[in-house]
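Residues per chain, in single letters:
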2 protein chains.
Amino acid sequence: MSTSKRASAYTQAYEYIREQILNGEIEGKTKLVEDRFAKALGVSRTPVREALRKLEEEGLVRDKRVVQPTESDLRDMFRVRMLLEGDAARLAANYMDPSTLAILKGCIDSSKNGNYEETMTSNKQFHDVIVEASNNTFMIETINRMQSIIYLFRKTVVYHNRPGLIEEHEDIYQAILNREPDRAEALMKDHLQADLDFFLHISRNR
Amino acid sequence: MSTSKRASAYTQAYEYIREQILNGEIEGKTKLVEDRFAKALGVSRTPVREALRKLEEEGLVRDKRVVQPTESDLRDMFRVRMLLEGDAARLAANYMDPSTLAILKGCIDSSKNGNYEETMTSNKQFHDVIVEASNNTFMIETINRMQSIIYLFRKTVVYHNRPGLIEEHEDIYQAILNREPDRAEALMKDHLQADLDFFLHISRNR
DNA sequence: ATGATTATTTTTGTATACAATTTTAAAAAT
DNA sequence: ATTTTTAAAATTGTATACAAAAATAATCAT
């Protein structure tokens with residue numbers, strides 16, 4: 001986080017605003033005013049402007065507001081995730097090397113034993129490891145983009161971990177370990193479908 | 001193209017530069033200098049700057065240069081395309097309505113009968129119609145992003161249409177028309193794989 | 001009071017300025 | 001002639017200024 005040489009005004013602005021958005025510190029309704037951030041950071045509007053454009057392209061901002069993903073957005077994103085992460089799971093079952101497999105196992109363990117924050121991080125990491133093992137830049141980028149938008153949604157939904165989630169991760173891991181591509185893919189898809197259903201269920205009564 | 005009220009400087013710059021890139025009018029080596037475009041368009045650097053950032057996020061520009069997709073990039077993009085467009089073809093076989101089916105048929109016809117330019121456009125449109133019929137915003141966006149990068153590649157490769165391409169489109173259309181989701185998906189995947197192979201083959205001896 | 005109209009303030013889009021950085025060219029040293 | 005060093009030029013990142021547009025508040029008419 002803290003680098004020796006001070007980050008550029010643009011980077012500062014980008015990270016500052018992004019953080020605020022992902023932490024849910026900005027209401028979906030409130031307008032993202034350039035000058036407000038500029039003053040808060042002690043920089044000019046120019047770099048703030050660029051940061052906002054970037055966040056807009058990233059899908060976190062639209063029309064100068066924090067994006068509020070709809071149910072339909074969620075469904076769309078999860079359909080794409082199921083296709084891509086399903087394939088990533090398949091690739092993992094075919095090719096993942098032992099050291100990465102060990103890392104994957106580690107995610108499950110620390111998800112089981114850790115505190116709330118650790119559990120959340122490990123669960124996310126479980127997916128990240130599988131996706132990155134695909135070695136497919138575009139796949140990784142695409143999924144990451146959606147992840148942050150989904151995360152946005154999660155924050156608003158007050159995420160308590162879904163029952164069964166860890167067991168599903170374990171099953172996926174086993175399928176990968178046993179070199180069962182079809183099964184790994186199917187389990188990953190089911191897992192994501194269950195996740196989506198959970199999201200939709202919760203978002204209903206809030 | 002020509003709107004009544006003059007487009008913003010930013011939009012002008014964005015479209016101008018994007019056009020130049022996609023038409024291959026800018027060498028991959030040459031640096032994209034803000035001031036050059038600013039002067040060419042009679043605007044200041046500010047909007048040009050934003051346009052360049054946008055194009056960068058879009059994947060057409062990196063490090064102030066026009067992106068030159070590598071073979072590995074192509075493979076990665078096509079793998080994602082196969083997954084997503086395969087699914088789109090499946091959805092089309094399940095749900096596409098008669099009027100859209102007619103449009104799809106039209107793409108094939110005008111691809112057969114038209115001149116070079118028309119053929120190229122219709123072939124692209126064939127895919128676009130199927131993808132858009134998915135009604136999945138994120139899927140459409142993701143594919144579009146990759147399409148323009150692939151197009152970039154194609155330009156440099158001097159695209160003459162691949163033998164068999166139209167027949168494959170016809171087969172896909174038939175599978176969709178006959179409501180055969182599995183077949184439609186499989187054919188679409190094969191079609192894209194053949195496309196990729198063709199690209200890689202041509203790019204080899206140039 | 002409610003809605004329309006006008007005035008005021010805020011915010012944005014773009015231009016311009018300038019120091020810091022990067023690139024390129026020139027000069028010097030090996 | 002190639003490499004290193006130094007100087008010059010080009011380019012970028014950021015700040016500031018200001019007119020145009022948008023949002024908000026105030027006034028008036030119904």
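Source: prediction; values computed, not measured.

1. Looking at the protein's contact with DNA strand C
Near DNA strand C lie 15 residues; those nearest to it are R45 and R49 of chain A together with A9, S44 and T46 of chain B. Close to the protein, within 4 Å, the atoms of DNA strand C belong to sugar or phosphate groups at a rate of 54%. Between DNA strand C and A9 of chain B, the relevant distance is 2.7 Å, taken from a phosphate oxygen to a main-chain nitrogen or oxygen of the residue. Residue S44 of chain B places a main-chain N or O atom 2.4 Å away from a phosphate oxygen belonging to DNA strand C. Of all the secondary-structure elements, those providing two or more residues to the surface near DNA strand C are helix 3 (45-58) of chain A together with helix 1 (9-22) and helix 3 (45-58) of chain B.

2. As for helix 3 of chain B
Residue and element names in this part refer to chain B. If you check helix 3, its first and last C-alpha atoms are 20 Å apart, about what 14 residues at 1.5 Å a residue would give, namely 20 Å. For helix 3, the full list of buried residues reads P47, V48, E50, A51, L52, L55, E57 and E58. The opening residue of helix 3 is S44, an N-cap whose side-chain oxygen sits 3.3 Å from the backbone nitrogen of T46. G59 sits one or two positions beyond helix 3 and adopts a positive phi of about 95°.

3. Comments concerning the interface of chain A and chain B
Across the boundary between the two partners, chain A contributes 24 residues, which contact 24 residues of chain B. For the chain A and chain B pair, buried surface summed over both sides reaches about 2,400 Å², with 54% attributable to carbon and sulfur atoms. Broken down residue by residue, the surface that chain A buries against chain B is led by E50, E57 and F138 of chain A, which jointly contribute 26%. Where chain A touches chain B, the interface holds 10 salt bridges. In this structure, E57 of chain B engages R145 of chain A in a salt bridge whose closest nitrogen and oxygen atoms are separated by 3.9 Å. Linking chain A to chain B there are 12 residue pairs in polar contact (both at pLDDT 80 or more). Top contributing element to the side of chain A that touches chain B by residue count: helix 4 (residues 71-95) of chain A, with nine residues. For the side of chain A that touches chain B, the per-class residue count stands at 10 nonpolar, four polar and 10 charged.

4. Some words on the domain arrangement of chain A
Many analyses report the size of an interface as the accessible area lost when the parts associate. All names here are of chain A. When its domains are assigned, chain A resolves into domain 1 (9-66) and domain 2 (71-204). Distance between the C-alpha centres of domain 1 and domain 2: 28 Å. Contacts between domain 1 and domain 2 engage eight residues on the former and six residues on the latter. Approximately 600 Å² of surface area, both sides summed, lies buried where domain 1 meets domain 2, with 63% of it carried by carbon and sulfur atoms.

5. Comments concerning the protein's contact with DNA strand D
Around DNA strand D, a shell composed of 15 residues is seen, among which A9, S44 and T46 of chain A together with R45 and R49 of chain B lie nearest. Atoms of DNA strand D within 4 Å of the protein belong to the sugar or the phosphate in 53% of instances, the rest to bases. A distance of 2.5 Å is found between a phosphate oxygen of DNA strand D and a backbone nitrogen or oxygen belonging to S44 of chain A. A distance of 2.9 Å separates a base nitrogen of DNA strand D from a polar side-chain atom of T46 of chain A. Element by element, the count of residues in the surface near DNA strand D is highest for helix 3 of chain A, at three residues. Classifying every residue of the surface near DNA strand D by side-chain character gives six nonpolar, three polar and six charged.

6. A word on the pattern of salt bridges
The full count for this structure, using the stated rule, is 42 salt bridges over all chains. We note a salt bridge from E34 of chain A to R49 of chain A, for which the minimum N-O separation is 3.2 Å. Taken together, the residues E34 of chain A in helix 2 (residues 34-41) and R49 of chain A in helix 3 connect sequence positions 15 residues apart. Here E34 of chain A falls in the buried class, since its relative accessible area comes to 10%. What makes R49 of chain A partly exposed here is its relative accessible area of 28%. Here the salt bridges share partners, and the residues they tie into one network are E34, R45, R49, R53 and K64 of chain A together with E50 of chain B.

7. Some remarks on the packing of aromatic side chains
Summed over all chains, the structure comprises eight aromatic pairs over all chains. With a centroid separation of 6.0 Å and 85° between ring planes, the pair formed by F153 of chain A and F199 of chain A is classed as edge-to-face. One end of the pair, F153 of chain A, is in helix 7 (residues 137-157); the other, F199 of chain A, is in helix 9 (residues 181-204), and 46 residues separate them in sequence. Comparing F153 of chain A with F199 of chain A shows no difference in burial state: the two are buried. Centre to centre, the rings of Y10 of chain B and Y14 of chain B are 6.3 Å apart; their planes meet at 25°, and the pair counts as stacked. With a gap of four residues between them, Y10 of chain B and Y14 of chain B both fall in helix 1, about one helical turn apart.

Parameters and conventions
Each chain carries its own residue numbering, running from 1 in the written order of its sequence. Numbering of ligands from 1 and lettering of chains from A proceed in the order in which they are written. Local features in this predicted model are restricted to residues whose pLDDT is 70 or higher, and side-chain atom pairs enter the listing and the counts only when it is 80 or higher, whereas totals over whole chains, interfaces and linings include all residues. Just so you know, side-chain values use all the structure's heavy atoms and leave hydrogens and water out. Here a residue counts as near a molecule or strand whenever at least one of its heavy atoms sits within 4 Å of it. Pairs of N or O atoms are called polar contacts if they sit within 3.5 Å, as long as, within protein, a hydrogen donor faces a hydrogen acceptor (for residues adjacent in sequence, only side-chain-to-side-chain pairs). To qualify as a helix, a DSSP run of H or I must reach at least 4 residues; to qualify as a strand, a run of E must reach at least 2; elements of each kind are numbered from the N terminus. Any helix carries an expected span of 1.5 Å times its number of residues minus one. When a residue's accessible area, from a 1.4 Å probe over protein chains only, is under 20% of the maximum for its type it is buried; when over 50% it is exposed; and in between it is partly exposed. Note on definitions: a residue-residue contact is assigned when non-hydrogen atoms from the two residues lie within 4.5 Å. What counts as buried area is the accessible surface, traced by a 1.4 Å probe, that two parts surrender upon association, with contributions from both included. When a carboxyl oxygen of Asp or Glu is within 4 Å of a side-chain nitrogen of Lys or Arg, the pair counts as a salt bridge. For this classification, Asp, Glu, Lys and Arg are treated as charged, while Ala, Val, Leu, Ile, Met, Phe, Trp, Tyr, Cys and Pro are nonpolar and the rest, including Gly, are polar. Those domain boundaries reflect an automatic or database domain assignment. Stacked, edge-to-face and tilted labels apply to pairs of Phe, Tyr and Trp rings (six-membered ring for Trp) whose centres lie within 6.5 Å, assigned for plane angles under 30 degrees, over 60, and everything in between, in that order.

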